[in-house]
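Residues per chain are reported as follows:
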Amino acid sequence: MFESLSTRLDAIYKKLRGRGVLKEPDVDEALREIRIALIEADVSLPVVKTFLAAIREKAVGQEVLRSLTPGHQMVKIVSEELTALLGEDFKEIQFAPQPPTIILMAGLQGSGKTTTVGKLARRFKQKGKTCLLVPADVYRPAAIEQLNILGKDLGIDVYQAGEEKDPVVICQKAVQEARRKLCQVVILDTAGRHQIDEALMTELRAIKQTVSPHEILFVADAMMGQQAATIAQAFNEAVGIDGVVLTKLDGDARGGAALSIKSVTGKPIRFIGLGEKLDALEPFHPDRLVSKILGMGDVLTLVEKARQTYELEEQEELEKKIRKNQFTLEDFRDQLKQVQKMGSIQQLMSMIPGMSQVKGLKVDEGAFSRIEAMINSMTREERAKHQIINASRKRRIAEGSGTRVNDINKLLKQFAQMQKMMKKFSSGKMRGLNLGQMFGGRGGGFSPF
Amino acid sequence: MSEEVSNEQAPQENKGGFFSRLKQGLTKTRESMAGGIGKLFKGKGEVGPELLDELEESLLLADVGTRATEFILDELKRGVRDAGHRERQDVMAHLKRLMVEILEENQRAIEFPSGMPLVLLVIGVNGSGKTTTIGKLAARWKMDGKKVVLGAGDTFRAAAIEQLQEWARRTDIPCIHQKSGADPSAVAYDTVQAAVNRKLDAAIIDTAGRLQTNVNLMEELKKVKRVIGKVLPSAPHETLLVLDASIGQNSLSQARLFHEALSIDGLVMTKLDGSAKGGVLLNLSRELGIPVRYVGVGEKVEDLQEFNAKAFVEALVGE
Ligand SMILES: Nc1nc2c(ncn2[C@@H]2O[C@H](COP(=O)(O)OP(=O)(O)OP(=O)(O)O)[C@@H](O)[C@H]2O)c(=O)[nH]1
Ligand SMILES: Nc1nc2c(ncn2[C@@H]2O[C@H](COP(=O)(O)OP(=O)(O)OP(=O)(O)O)[C@@H](O)[C@H]2O)c(=O)[nH]1
Ligand SMILES: [Mg+2]
Ligand SMILES: [Mg+2]
């Protein structure tokens, strides 16, 4: 159903079905697909190459688990290795034994530093820490005002630099003030800069030397391209970063930059930004991101779940039907049953890439039994060819299922839409947004009917 | 640095193999990128498969993406086969010509309509450089003797209005604004109205950054566009998408979805003064055929240049 790495790999491994171990030529063929997937996900090329070599070593000669196809086995190896590389689960920023804990933000222009200062401050405040926010971006128009507004919204102090225009002096004085006021955390917001801008990198080093921050956070846009590795390395070499925040992951970013950054710096990704609002900061968990990088939502988890309920053959049959546009109401009913076995719809939806954006998504789980009742009241012929359902048939179905003709109309309309969407999925146009549109969802609660 | 923080590097040690290999790889790419693609083709001699492999890598590193890279390489190989382009210089020339062609195919200048102000709506994802580009562009048009008004249509982000006002103040250009949190289409309406009433040459409207997958916010932009059309039926004359050169293949998704929702007339690529080459434009031009109007090469008012395909390719190739 998804144009994912796993289906692409499956195609390669069709001929391999039933054989016991992963052989060199097959692995190499798979690695070519994986290479494309990683580059399309913006993983920096040197990182891709090193990664593939590691995978190759792992994969060749490995036995294919009985429950898996060789394609899935490769995906499993790749995702395990990616997860390992991206690092352990969430690590909180350590507070200094002697307050204040000083945090310095650094990164390219527009990566999300100032917003992340606000998000972190909110988080610390909730943990009962007192903060001082420091505007050390004296260049960008209204940068100071931006931080002032965030501070005011949060009810958190922002250092007032007055006429001072030197970022190093501002940071120094701010830290002194924080000590005086017994603040527990100081967050220094700096101007965006390119790693090749010598003057500004020198300034960053000077700030570091002057205030000795406990934590230097590299704030990176999750959509960053091939340069991510070079840029992160340069920042790390210049000031030595301690952690990474990955912003703007609320869209369809594949987030390959995360792998590049983590690989070259070895520093933990601490948080991810999932929106512009100040509560949209979450601790980082590698497994989620791995699925994004591989373009599979939480498809791995879905695959796991699906395997428990589906027979593989059945699943393939269904995929074939979708591809050939032969998906009928009967299939739809069977799917619903399967889906219900897998867990709540809400939970499943949240695993699909892009679904989380459909704001206020609410699923009326009861609606699904109504749909089932309606489909059950149809004749076999009607289920196979919904186009023949005319007004009198609709009345009969409504009566049989205890619903109204209007409900039948809605079902048929949505089913037609769904068929259209599925055609798009299978031709590889699957995107979060389409899912949103599929349910006509924007804002205000979602219900299938 | 506290004890705990430095401990975190420990788990890396046992993966020494991976990291040392990666380091070598990085140094190598840095060297090969330093002179750019141009360096690959320096000197005499025929172009062999290794050179093409290196070229592929250089293109990928410049964010050209797998599909456009494949296209370019196939064309080059065809050139070698059909036209006998085997000498390095010939292949290099062919490569440049090919890339310039892709980029130039759709180039058109922005046209000012007669008898009414040009209305320019500036859109894009968060932090791509919209507001800065507006500041630079307005200053440029003013230098050209045009009368411009700005509209502070980003009523969402903290201090977005103040940021645009600061640009307006520096260049002494009027800026229409409302309170933070106001309806952006109302601000757009006022701005276009002001441009019409005062018989100005151009109205440039800023909008809040938004990710292209956010359905609600895309609807909000569509409304802004509709409302502008109520003042001037032919407006906005130019809907400009601002892309950040440091972003990779996601720029494709940005362009596709913004175009689908709002029909884009032109592109701006910012931050080309960094180390990113913006090769994704090749991919984009091939797929969507939207002209690239300007490039941003810094944060100062003068750091905006008209897009020039040849110069862009030279910078990408590094010669
Ligand atoms: N969608 C989304 N937008 C974000 C996120 N984090 C930040 N932004 C937006 O990105 C844009 C840039 O954020 P800033 O915090 O101003 O970035 P900055 O790094 O401080 O920028 P400079 O100071 O100019 O270098 C703003 O529109 C933010 O609202 C995120 O996680 N998701
Ligand atoms: N080096 C460089 N920096 C740029 C360029 N264009 C914009 N910037 C910087 O990028 C950051 C973001 O620019 P903005 O103009 O605020 O971006 P925006 O798209 O309006 O951001 P939002 O409104 O928050 O979505 C600022 O620090 C700008 O100074 C450029 O061409 N080169
Ligand atoms: Mg900032
Ligand atoms: Mg802006």
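Calculation rules
- Residues numbered from 1 in each chain as written.
- Chains lettered and ligands numbered in written order.
- Predicted model: local features only at pLDDT ≥ 70, side-chain atom pairs only at ≥ 80, totals over all residues.
- Pairing = 2+ DSSP bridges.
- Helix = DSSP H or I, 4+ residues; strand = E, 2+ residues; numbered from the N terminus.
- Contact = placed C-beta atoms within 7 Å.
- Axes fitted to C-alpha atoms, helices over the stretch in contact; angles between N-to-C directions.
- Buried ≥ 20, exposed ≤ 12 C-beta atoms within 10 Å, placed from the backbone.
- Right-handed = clockwise from strand over helix to strand, strands pointing away.
- pLDDT = per-residue confidence, 0-100.
- Domains from an automatic or database assignment.

1. Topic: the sheet that holds strand β5 (residues 215–221) of chain A
Residue and element names in this part refer to chain A. Spatial ordering of the open sheet is given by β3-β2-β4-β1-β5-β6-β7-β8, a layout of eight strands whose pairing is mixed. At either margin of the open sheet sits one strand with a lone partner, and together these are β3 (157–158) and β8 (281–283). Note: strand β2 (residues 131–136) against β3, two bridges, orientation parallel. If you follow Leu133 over to β3, its bridge partner there is Val158. Contacting β1 (101–106) and β5, helix α9 (residues 228–239) runs over the sheet at an angle of about 165° to β5.

2. Digging into the pairing of strand β2 (residues 148–151) of chain B
Residue and element names in this part refer to chain B. Neither face of β2 is left uncovered, since the one carrying Val148 and Leu150 and the one carrying Val149 and Gly151 both have all their residues buried. Two elements, β2 and strand β3 (residues 175–176), share two bridges in a ladder whose sense is parallel. Across the sheet, the residue bridging to Leu150 is Cys175, located in β3. Each parallel crossover has a hand, and the one from β2 via helix α9 (residues 160–171) to β3 is right-handed.

3. Notes on the confidence of the model for chain B
Residues and elements named next belong to chain B. The predicted model of chain B has a mean per-residue pLDDT of 88, with 87% of residues at 70 or higher. Within the model, the stretch residues 1–15 combines pLDDT values under 50 with 17 contacts to residues more than four positions away or in other chains. At the level of chain-chain contacts, confidence expressed as ipTM amounts to 0.90, with global pTM at 0.80.

4. What about the domain arrangement of chain B?
By a widely used convention, the size of an interface equals the accessible area lost when the partners come together. Residues and elements named next belong to chain B. You can read the domains of chain B as domain 1 (20–104) and domain 2 (118–317). For domain 1 and domain 2, the distance between their C-alpha centroids amounts to 33 Å. With 16 residues of domain 1 at the contact, the number on the domain 2 side is 18 residues. It is helix α7 (residues 88–104) that provides the largest number of residues to the side of domain 1 that touches domain 2, a total of six residues.

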